[in-house]
Amino acid sequence: MLMKAPQGHGLDAARLDRLPAFLKDRYLDSGKLANAQLLVARDGEIVHFSSQGAAREGGAKAIDESSIFRIASMTKPITSIAFMMLVEEGKVALDTPVHHVLPEFKGIGVFEAGGGRVPFQTKATGQPMRMVDLLRHTSGLTYGFQHRTNVDAQYRHEKMDDWHAGHDLDAWIGKLAQIPLEFSPGEAWNYSVSTDVLGAVVQRVSGMKLDDFFRTRIFEQLKMVDTGFSVPADKIDRLTDCYTFVPGQGRIMYDRATESGWATTPQFLSGGGGLVSTALDYNRFCQMCLNGGELDGVRLVGRKTIELMTINHLPGDSDLATMSKSLFSEAALAGTGFGLGFAVMKDLAPGMVQGSAGEYYWGGMFSTAFFIDPVERLNMVFMTQMSPSSTYPIRRELKTLIYSALT
């Protein structure tokens, strides 16, 4: 890995050096996190890369640039790019009704009553679910882990969130389409399996299995050599342990690397959360986005497509704090909209964190995160393995320290 001096790219080296010390003092020495890896790039050059902590419980090996992490919902922007590649080929459009590609969704209704042993009662949607609703999470779909409604209870019953439950993508779509929507498409924002549905769209429109599309059309093109839905046997020693936080117990093992479910390709290819990757690989994806769809002479999408994906698409130019039904409805997300696969910063003042209007970002349930700032030509990739991602405010803290280093 080639790293450039931050001073040559408008960053204060001493201030960037605060980052690993901050992570060590606040999160590693306390045992809150087992490890932490941070990459910061500007103008396409890596200006900071630090790795700390053990890769595996009880092991002496520390994480390094070869370490592989479960990136969960950082899969979503990749699936969104895959879909937009098909849009550019004229094979599908943002306003295409979902049921035109996935006929299982034709006639799906909105929840009114029922659930459990009582049949659902539904009403007709105000408008059909469109592809844009999948990209911006206004589809009316949900996640079972939200524990809010009779609808998400049915998701749990049918194991709709379980990537290792033995579904294939087509069978999963068939089951999902039998469960009512929480609201009529376009009426609210709700974090959901929308991007998994989008992955099924990519698969059907392209005529390729999702993993094959990702590998040949995206990963091989961008030289993302360690990214995929599973870890090959010859790389499994590079996979890190993964933890979860349990109140009253603290950090406990979630997925031990030596026994990992990511050691074999799952039957269900989750476009919403199934990938593993490295910081260096994901940085190449970020650089492609920052360059307007191109990296090292290879173009995935056009510049205007990236511009379209990274503006706010919420109805009425709303924000997450206003439109969200549950997750990501915090006051800190006032001023944050949602584009086509990314959260998008509209207005800095309500969120009270440094950044730029037009910055876009997302993260994963295991606390991984990235942001891309096209104004400052700055991006970050953060890797660790701790769920849920809301356990600690580390993402906001890292942003504050990184932006404070700009000169």
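Residues numbered from 1 in each chain as written. Predicted model: local features only at pLDDT ≥ 70, side-chain atom pairs only at ≥ 80, totals over all residues. Heavy atoms only, no water.

Visitor: I would appreciate a short explanation of the side chain of Arg136 in the present structure.
Guide: Summarising the element assignment, Arg136 is placed in helix H5 (residues 131–136). Judged by relative accessible area, which is 7%, Arg136 ranks as buried. A polar side-chain atom of Arg136 sits 3.1 Å from a polar atom in the side chain of Asp133. With residues near it in sequence (within four places) discarded, Arg136 still touches Arg130, Gly186, Trp189, His313, Leu314, Pro315, Phe338 and Gly339. (Helix = DSSP H or I, 4+ residues; strand = E, 2+ residues; numbered from the N terminus. Buried < 20%, exposed > 50% of the residue type's maximum accessible area, 1.4 Å probe, protein only. Polar contact = N/O pair within 3.5 Å; in protein donor to acceptor, adjacent residues only side chain to side chain. Contact = heavy atoms within 4.5 Å.)

Visitor: Would you mind showing me how to read unusual backbone geometry here?
Guide: Trans is the common state for peptide bonds, and a negative phi is the common state for residues other than glycine. For the bond running from Ser387 to Pro388, omega is -5°, close enough to zero to count as cis. Within the secondary structure, Pro388 is located in the loop between strand E16 (386–387) and helix H14 (394–403). Despite not being glycine, Asp296 shows a phi value in the positive range, around 50°. Mapped onto the elements, Asp296 comes out in the loop between strand E9 (294–295) and strand E10 (298–299). Looking at Asp296, the relative accessible area reads 57%, which means it is exposed.

Visitor: Where do I start with the pairing of strand E13 (residues 360–363) in this structure?
Guide: Working note: regular strand, side chains alternate between the two faces of the sheet. The side-chain alternation of E13 yields two buried faces, one formed by Tyr360 and Trp362 and the other by Tyr361 and Gly363. Here strand E12 (residues 343–345) pairs with E13 via two bridges, running antiparallel. Of the residues in E13, the one forming a bridge with Ala343 is Tyr361. Sheet topology places E13 next to strand E14 (residues 369–373); four bridges connect them, and they run antiparallel. Pairing of Tyr361 across the sheet is with Phe371, part of E14. (Pairing = 2+ DSSP bridges.)

Visitor: Would you mind going over the packing of helix H7 (residues 169–176) against helix H8 (residues 194–206) with me for this structure?
Guide: One way to put it is that H7 packs onto H8 with a least axis distance of 10 Å and a crossing angle of 130°. Overall, the two elements H7 and H8 adopt an arrangement that is oblique. For the pair H7 and H8, the crossing hand works out as left-handed. Mapping the contact onto sequence places Leu169, Asp170, Trp172, Ile173 and Leu176 in H7 and Asp196, Val197, Gly199, Ala200, Gln203 and Arg204 in H8. Within the contact of H7 with H8, the residues separate by chemical class into six nonpolar, two polar and three charged. (Axes fitted to C-alpha atoms, helices over the stretch in contact; angles between N-to-C directions. Parallel < 35°, antiparallel > 145°, perpendicular 65-115°, else oblique. Left-handed = near helix turned anticlockwise from the far one by under 90°. Nonpolar A, V, L, I, M, F, W, Y, C, P; charged D, E, K, R; others polar.)

Visitor: I'm lost on the pairing of strand E5 (residues 118–123) in this one. Help?
Guide: Relative to E5, strand E4 (residues 110–115) is paired through four bridges, and the arrangement is antiparallel. The residue bridging Gly115 from the neighbouring strand is Val118, located in E5. Connecting E4 to the next strand, E5, in antiparallel fashion are two residues, including Gly116 with a positive phi near 70°.

Visitor: Looking at this structure, I do not really get the sheet that holds strand E7 (residues 250–255). What am I missing?
Guide: The pairing of strands in a sheet happens through backbone hydrogen bonds and is either parallel or antiparallel. Spatial ordering of the open sheet is given by E7-E6-E16, a layout of three strands whose pairing is mixed. Across the chains shown, the open sheet's two edge strands, defined by having one partner strand only, are E7 and E16. For strand E6 (residues 242–246) and E7, the ladder comprises five bridges, and the chain directions are antiparallel. Considered in E7, the bridge of Phe245 is made with Arg251.

Visitor: Even after reading the chapter, I still don't get helix H10 (residues 279–290), so can you show me in this structure?
Guide: Along an α-helix, a turn takes 3.6 residues, which lines up residues three or four apart on a common side. Here H10 is 12 residues long and its end C-alpha atoms lie 16 Å apart, about the 16 Å a rise of 1.5 Å per residue gives. Judged by how many residues are buried, H10 sits mostly within the fold: 10 of 12 residues are covered. Taken together, the buried positions of H10 are occupied by Ala279, Asp281, Tyr282, Asn283, Phe285, Cys286, Gln287, Met288, Cys289 and Leu290. Gly292 sits one or two residues past H10 and shows a positive phi near 75°. (Expected span 1.5 Å × (residues − 1).)

Visitor: For this particular structure, what's the right way to read the pattern of salt bridges?
Guide: Oppositely charged side chains may form a pair once their charged atoms are brought near each other. A complete count under the given rule lists 23 salt bridges for this structure. For Arg26, the salt bridge identified is with Glu397, shortest N-O distance 3.0 Å. Placement of the pair is Arg26 in helix H2 (residues 18–28) and Glu397 in helix H14, with a sequence separation of 371 residues. Residue classification places Arg26 among the partly exposed residues on the basis of a relative accessible area of 41%. Here Glu397 falls in the buried class, since its relative accessible area comes to 15%. One salt bridge in this structure joins Asp226 and Lys235, with 2.7 Å as the shortest N-O distance. (Salt bridge = Lys/Arg side-chain N within 4 Å of Asp/Glu carboxyl O.)

Visitor: Looking at this model, I keep getting lost on the packing of aromatic side chains. Mind explaining?
Guide: Enumeration over the complete set of coordinates arrives at 21 aromatic pairs. Summarising the aromatic geometry, the rings of Tyr282 and Phe370 are spaced 5.2 Å apart at their centres and angled 55° between planes, so their arrangement reads as tilted. Here Tyr282 is found in helix H10, whereas its partner Phe370 is found in strand E14, with 88 residues between them in sequence. One exposure class covers both Tyr282 and Phe370, and it is buried. These aromatic residues form a ring-pair network of at least three members: Tyr143, Phe145, Trp189, Tyr191, Phe338, Tyr361 and Trp362. The ring of Trp262 carries the charged tip of Arg70 above its face, separated from the ring centre by 5.4 Å. Here the basic side chain of Lys399 rests over the ring of Phe371, its NZ or CZ set 5.7 Å away from the ring centre. (Phe/Tyr/Trp six-rings, centres within 6.5 Å; stacked < 30°, edge-to-face > 60°. Lys NZ or Arg CZ within 6 Å of the ring centre and 35° of its normal.)

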